[in-house]
Every structure is written in structure tokens, then in C-alpha cells.
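Fold and geometry: a report
Listed here are the chains, written in short residue letters.
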Amino acid sequence: MLSRIMAHAEPALASETAEEASTAYFAAMESFGASYLQTRLYRRPSATLTSASHWAAGGFIARLAPADWPGSPAFDYVCFECNPLLGAIRESRTRYRFSDFAPRDGAQFGTYWEALGEASINDALCSTSYGADGAIASLHLGFQKRDFTDEESFAIHMAGLVLTERLMSLTMPPPTATVRLTVRERDSLALVAEGKTDWEISVILGIAEATVRFHVDNARRKLGAVNRAQAVARLVNQRLI
């Protein structure tokens, strides 16, 4: 699984600018039917989080979409009138789908999905990284199809997190101190990247499940990540696994 994540993320890691990293990642995802990309790097609004304050935070890096989509009535509707995705920021989600916050069978979201359909978005797999001082790097990756295997969605989401970590590293000062993980911490995170559960990791490493959680959480805190998925992406971005 890690090799698959790296195959998707490598073009972004090799890019020298945030815009190049965004477009390189999109190109890697086109074989999955990717139809839309938006990347941003901004700071969490200090005011109440609303559609207006979220938009005013700016930080747009790249938007790859049909030429007539940005600024259209449909675009304005999903950005300003009906934006359920604010819930992902409130919850500090690192991986989610549009449909997690706007269920396809929800009557109140019929117009929302019709509007997204004008940009050939039938769902989107999103990744978000959280950094110091309220920094947020986000990826919205839209697809024409809705169904993915668990392995596909895991790889796409994780590669997306590697991209958002790369966006941060390209535009913000590097950390002043080198992160030093123990061998067990690094091994545990590498197995998380393979999609292994805590129980599976405990069997592979010959340690207790509670010890696995201890190592993973220690690594997460050292890396300054909000959860283990971001910790993996941060480790990959730093070429430590």
C-alpha cells in the first residue's frame, strides 16, 4: 500500500512550487477519473467560521475545473449559499468525502449535487493538513464516479495528505528542530501507511496493541500531527519512510 501511495504522490513531492505540485498530483489522479482539483493554503479564520469568512481567508493555489465553472451561479451556490464542508474544518478532519457532509440521499442537498454536477463532480475525496498558528492546507479532488474500493480511497486520501504536507513545506518555513522517532515509532507508522490495524501491527511487531497505540501516538505528537493519517503523510513528506 505504501508503494501505491508513493506512486501517486511522487510527482507532487518532486515539484518545486505549490502550483506545480497541485497540477502534478491531478495528472496522477486522472486515471481514476479525477475531474476537478482545488488546493488552498490559508489560516483558520479568527472570526466565526462561515462560508464568507472561509472564502475571505484566501490562499487559493490551483483550481482545475471547466472554464465556465468558477464564478457561475452553481459555483457561487456551493461556495456561499450551501457549503456543508465547513463541518470538516470545524472537526479538523484530515480525510473525508463531500458525501460525508452532504449525503446523496438527503433531500436538502439535491440542488447542491446538481450544482456540482455542472463541474462533473459526482463526489470528491478531500485531504487537509493542519499546521502551526492555524495554518491549513487543503485539497478537494472531484471525480466523475462515486464508487471506490477501500484500498483505492485509502491510497488517494493518503497521497492527497502527502500533497497537502508538501504544499505547507513549499510555502512555510521549515521546522527548526529535527524530529527524531524511535525505530518502533517509525515501524509502527510505516505499517499504518500500509493500512494495517493496531491488532495487525501488534502481531507483526510482536508487541501488545496498547504498545502499538503508545508508539503511534508518540510519533504523532513528535510530528505535530492532529491524527495518525497526517503523521504518516508528514513522515512521507520528510522522506523518513
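- The name that an unreviewed UniProt entry assigns to the protein is Helix-turn-helix transcriptional regulator, with the source organism given as Mesorhizobium huakuii.

Considering the overall build of the protein
- Counting its regular elements, the protein contains 12 helices and 5 strands.
- Taking the principal axes of its C-alpha atoms as reference, the protein extends roughly 55 × 35 × 35 Å.
- Counting all 241 residues of the protein, 52% fall into the buried class.
- When contacts within the protein are restricted to residue pairs at least 6 apart in sequence, those whose partners lie at least 24 apart make up 67%.
- As displayed, the protein has an accessible area near 10900 Å², and 51% of this comes from carbon and sulfur atoms.
- If you average the places of the 24 positive and of the 27 negative side-chain charges in the protein, the two averages end up 8 Å apart.

Considering empty space enclosed by the protein
- Summed over all chains, the structure comprises 1 cavity of 30 Å³ or more.
- The space that makes up the largest cavity amounts to roughly 320 Å³.
- Surrounding the largest cavity, 24 residues form its lining, Q38, C79, N83, L85 and H140 being those nearest its centre.
- Elements represented by at least two residues in the lining of the largest cavity include exactly β1 (34–43), α3 (51–56), α4 (73–81), α5 (86–90), α7 (110–117) and β5 (135–143).
- Of the residues forming the lining of the largest cavity, the biggest block, 4 residues, is contributed by β1.
- Looking at the lining of the largest cavity, its residues break down into 16 nonpolar, 7 polar and 1 charged.

Section: the packing of helix α8 (residues 150–171) against helix α12 (residues 228–237)
- For the pair α8 and α12, interaxial distance at closest approach is 8 Å and the crossing angle is 60°. The orientation of α8 with respect to α12, classified from their angle, is oblique. Of the two elements, α8 crosses α12, and the hand of that crossing is right-handed. Here M158, L161, V162, E165, R166, M168 and S169 of α8 lie close against α12, whose contacting residues are A229, Q230, V232, A233, R234, V236 and N237.

Overview of unusual backbone geometry
- At S92, a position not held by glycine, the phi torsion is positive, near 55°.
- In this structure, S120 is a non-glycine residue whose phi angle is positive, near 60°.
- Along the chain, the position of S120 falls in the loop between α7 and β4 (123–130).

A few points about the packing of aromatic side chains
- Evaluation of the coordinates by the stated rule reveals 8 aromatic pairs.
- Seen from their ring centres, Y112 and W113 are 5.5 Å apart, and the 85° between their planes marks the pair as edge-to-face.
- A relative accessible area of 1% means that Y112 is categorised as buried.
- Through pairs of rings, three or more aromatic residues link up here, namely W55, F60, W69, F75 and F80.
- Above the plane of the ring of Y42 lies R40, whose end atom (NZ or CZ) is 4.2 Å from the centre.
- If you follow R40 out to its NZ or CZ, it ends over the ring of F60, 4.3 Å from the centre.

Some details on the side chain of E165
- Counting through the fold element by element, E165 comes out in helix α8.
- When near neighbours in sequence (up to four residues on either side) are disregarded, E165 contacts S129, Q230, A233, R234 and N237.

Some remarks on the sheet that holds strand β3 (residues 95–97)
- Strand order across the open sheet formed by 5 strands is β2-β1-β5-β4-β3, with antiparallel pairing between neighbours. Sheet topology places β2 (60–64) and β3 at the edges, where each strand pairs with a single neighbour. With direction set aside, neighbouring strand axes in the sheet form an average angle of 15°.
- Where β1 and β2 come together, 4 bridges link them in antiparallel fashion. Residue Q38 lies in a different strand from β2, and its bridge partner there is R63.

What to know about the pattern of salt bridges
- Inspection of every chain in the model, using the stated rule, returns 7 salt bridges.
- Close ionic contact of R234 with E165 constitutes a salt bridge, the shortest N to O distance being 2.7 Å. A residue pair is termed long-range when its members are at least 10 positions apart, and R234 in helix α12 and E165 in helix α8 qualify at 69 residues.
- A cluster of three or more residues bridged by salt bridges with shared partners is formed by D217, R220 and R221.

What counts and what doesn't
- Residues numbered from 1 in each chain as written.
- Predicted model: local features only at pLDDT ≥ 70, side-chain atom pairs only at ≥ 80, totals over all residues.
- Heavy atoms only, no water.
- Helix = DSSP H or I, 4+ residues; strand = E, 2+ residues; numbered from the N terminus.
- Buried < 20%, exposed > 50% of the residue type's maximum accessible area, 1.4 Å probe, protein only.
- Contact = heavy atoms within 4.5 Å.
- Areas by Shrake-Rupley, 256 points an atom, 1.4 Å probe, with all protein chains shown as cover.
- Lys, Arg positive; Asp, Glu negative; His and termini not counted.
- Charge placed at Lys NZ, Arg CZ, Asp CG, Glu CD.
- 1 Å grid on protein atoms, 1.4 Å probe; cavity = no way out; pocket = protein on both sides within 12 Å on 5 of 7 lines; lining within 4 Å.
- Points joined across faces, edges and corners; volume = space filled by probe spheres on them.
- Nonpolar A, V, L, I, M, F, W, Y, C, P; charged D, E, K, R; others polar.
- Axes fitted to C-alpha atoms, helices over the stretch in contact; angles between N-to-C directions.
- Parallel < 35°, antiparallel > 145°, perpendicular 65-115°, else oblique.
- Left-handed = near helix turned anticlockwise from the far one by under 90°.
- Phe/Tyr/Trp six-rings, centres within 6.5 Å; stacked < 30°, edge-to-face > 60°.
- Lys NZ or Arg CZ within 6 Å of the ring centre and 35° of its normal.
- Pairing = 2+ DSSP bridges.
- Salt bridge = Lys/Arg side-chain N within 4 Å of Asp/Glu carboxyl O.

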